[in-house]
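Structural characterization, general
This is what each chain is made of:
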Amino acid sequence: MFKILKYSFFDLIRSRWSYVYLLFYLLLGCVLLFLNNDLSKAVITLMNVIIILIPLIGTIFGVMYYYNSKEFTELLLAQPIKRSSIFIGQYLGVALSLSMSLIIGLGIPFILYGLFQSNEIWDFVLLLVTGTFLTLIFTAIAFNIALYNENKIKGFSYSILFWLFMAVIYDGLFLMSLIAFQSYPLDSFSIGATLFNPIDLSRILIILKLDISALLGYTGAVFQKFFGTSFGLLVSIAALSLWVIVPLLNMYRKCRKKDF
Amino acid sequence: MISIEQLHKKFGKNPVLKGIDLNISQKGIVAILGPNGSGKTTLIKSILGMVIPDKGTLLVANVPINKNWKYRDQIDYLPQIANFPANLTVKELIRMIKDVRNRPGEDKRLIKLFKLEPFLSKKLNTLSGGTKQKVNIVLTLMFDSPIIILDEPTTGLDPIALIHLKELIKEEKAKGKIILMTSHIMSFVEEMADEIVFLLEGKVYFKGNIEALKKQTEAPNFEYAIANLLIQEDV
């Protein structure tokens, strides 16, 4: 597995797109930090951008890599290695190279800004941790979708739809259900629904960390009471990890049964 | 070395292999032929464990291959389409495959033979189709395994490379290996193959050497003999 991981990682970090992705974060980070005198506003903008962008890029890169390396994967399948090592190695290669672009791209502006001396360092660490989680999650789901669909176009469409659902439609449904059932107590429902969507969960975690949960009104208080505690943080990290582990296990299961 | 019994495989509702019985034990070059859609690729992929059969047994070196991956150490496979990671160099790719197989390979000789030295540190996405196929051949033949499977090995090769390839295959045969290949170029098959396995609609329709095939079909040459096999089926 590590051999496959090593070479797909090397292959990917030399691709032009990795540089574009890295430069984008570098630019975004520099502009927001240096041309903005309110740090917490900068973090919120940064959060809003990466929370939508990371899942999209993870999804697209995951699906594209799978379909592009199909013939090479067939060559690897004929070698004396386990199937699961090939796919999990490739998945980690994609996810880690994307995470590296994110961490380096945002890390450099943070360091230049002198964040090591400031109290906000943990906000930024949380930003990078949730960003990495989102990359791992959405790349894994993209690989799953690609494994189930031989047809490239279908695979692409399903994964984009999945991203759209998680990033946009889910929130709409969530809000509508909150309005529809407003006469009932919705505390645990809204906490559950947030835990179920990695994008929402990441957003709430970052907002709470920034101590601006008051902006969220009563819901903010509910969230603060749950996610603000160390138990809540633990549950959130566990939920994010489950979002990585479940697709990975399914990938392991599916790739052993598939015909190539 | 390879023994197959009652191998069945369906893709969805479409049965591709309908009970293949095949035993390849003596050394030499076996050509797997058949019209499009007769199951050649599926058969090869089943031997390699890439396609999982629905029914039947498949033994390689007397070991059943299901849920086993170590047996592939004894097989060198040349895939039909050569497509490699775009941003690795030829040298890195060769190192990767050696790394994956955990074995040293005699790549130097093959690189020299196919004159690939100038391409060694070029990225794979800059190579032409024929050069990629040469790299593909180097990757396959640099290991010394008892079984070699070649899927359309002549694709995209220039005449000189083709001559080198033929020599290489003959060399491997002289070492006492089993070589399975598919090809649509009948003159290549006629020159190289010791034995023909003709698949038709998912079954082994003919197995034997070229002489026997010519006798059975009463055809003047090999190409007509193959054509006759198909026509007989239609009648």
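Fair warning: this is a prediction, and the values are worked out from it, not measured in the lab.

**Notes on the interface of chain B and chain A**
- Contact residues are listed per partner, giving 34 residues for chain B and 26 residues for chain A.
- Where chain B meets chain A, there are four salt bridges.
- Here chain B and chain A share 16 residue pairs in polar contact (both at pLDDT 80 or more) between them.
- For the side of chain B that touches chain A, the secondary structure elements donating two or more residues are strand S1 (2-11), helix H2 (90-101) and helix H4 (129-141) of chain B.
- A total of eight residues in the side of chain B that touches chain A trace back to one element, the largest contributor, which is H2(B).
- Among the residues making up the side of chain B that touches chain A, the classes are represented as 18 nonpolar, six polar and ten charged.

**Comments concerning a positive patch on the surface**
- Taken together, A:Lys82, A:Arg253, A:Arg256, A:Lys257, B:Lys67 and B:Lys70 make up a surface patch of like positive charges.
- If you trace the backbone, B:Lys70 turns up in the loop between strand S5 (63-64) and strand S6 (75-78).

**Brief notes about the layout of surface pockets**
- The computed volume of the largest pocket comes to approximately 680 Å³.
- A:Arg256, B:Ile52, B:Asn66, B:Lys67 and B:Asn68 are the residues nearest the centre of the largest pocket, which is lined by 28 residues in total.
- For the lining of the largest pocket, the secondary structure elements donating two or more residues are helix H5 (83-113) and helix H11 (230-257) of chain A together with strand S4 (55-60) of chain B.
- Taken together, the residues that form the lining of the largest pocket break down as twelve nonpolar, seven polar and nine charged.
- What lines the second largest pocket is a set of 18 residues, among which A:Asp11, A:Tyr65, A:Asn68, B:Ala86 and B:Asn87 lie closest to the centre.

**Considerations on the nonpolar core**
- With 145 residues, the main nonpolar core has A:Tyr91, B:Ile4, B:Ile47, B:Phe84, B:Leu139 and B:Ile149 as its most contacted residues.
- Sort the elements by how many residues they give to this core and helix H6 (residues 121-148) of chain A lands first, with 16 residues.
- Not counting chain neighbours up to four residues away, the residues in contact with B:Ile47 comprise B:Ile2, B:Ile4, B:Leu58, B:Val60, B:Ile65, B:Tyr71, B:Ile75, B:Ile149 and B:Leu180.
- Core analysis: the second largest hydrophobic core is formed by 16 residues, B:Leu33, B:Met186, B:Ile210 and B:Leu213 among them.

**Describing the side chain of B:Glu152**
Residue and element names in this part refer to chain B.
- Secondary-structure assignment places Glu-152 in the loop between strand S7 (147-151) and helix H5 (159-174).
- Despite its burial, Glu-152 pairs with no opposite charge, the nearest such side chain being Lys-40 at 5.8 Å.
- A polar atom in the side chain of Glu-152 sits 3.3 Å from the backbone nitrogen of His-184.

Cut-off values and rules
- Residue numbers here run from 1 along each chain, matching the order of that chain's written sequence.
- Going through the entries in the order they are written, you letter the chains from A and number the ligands from 1.
- Note on the predicted model: pLDDT of at least 70 is required for a residue's local features to be given, and 80 or more for side-chain atom pairs to be given and counted; whole-chain, interface and lining totals, by contrast, use all residues.
- Hydrogens and water are ignored here; the side-chain numbers use all heavy atoms of the structure.
- We call two residues contacting when some pair of their heavy atoms lies within 4.5 Å.
- By definition, a salt bridge exists where a carboxyl oxygen of Asp or Glu is found within 4 Å of a side-chain nitrogen of Lys or Arg.
- Between N or O atoms, a polar contact is any pair within 3.5 Å; within protein, one atom must be a potential hydrogen donor and the other a potential acceptor, and residues adjacent in sequence are included only when both atoms are from side chains.
- Helix and strand definitions here come from DSSP, where helices need a minimum of 4 consecutive H or I residues and strands a minimum of 2 consecutive E residues; each element is numbered from the N-terminal end.
- In the scheme used here, Gly and all other residues not listed as nonpolar or charged are polar, with Ala, Val, Leu, Ile, Met, Phe, Trp, Tyr, Cys and Pro taken as nonpolar and Asp, Glu, Lys and Arg as charged.
- Nonpolar side chains (Val, Leu, Ile, Met, Phe, Trp, Tyr) within 5 Å and like charges within 9 Å form the patches, drawn only from residues with over 30% relative accessible area and no salt bridge.
- Using a 1.4 Å probe, accessible areas were evaluated by the Shrake-Rupley method; residue-level cover was limited to the displayed protein chains.
- The sign given to each residue is positive for Lys and Arg and negative for Asp and Glu; His and the chain ends receive no count.
- Here the site of a charge means NZ on Lys, CZ on Arg, CG on Asp, or CD on Glu.
- Lining residues are those with an atom within 4 Å of a point, where the points come from a 1 Å grid over the protein atoms alone and group into cavities, where a 1.4 Å probe fits but cannot get out, or pockets, open sets with protein on both sides within 12 Å along at least five of seven lines.
- Grid points are joined across faces, edges and corners, and a volume is the space filled by probe spheres set on the points.
- Each nonpolar core is a collection of buried residues, namely Ala, Val, Leu, Ile, Met, Phe, Trp, Tyr and Cys, held together in the definition by side-chain atoms within 4.5 Å.
- Working definition: with a 1.4 Å probe on protein chains only, accessible area under 20% of the residue-type maximum means buried, over 50% means exposed, and in between means partly exposed.

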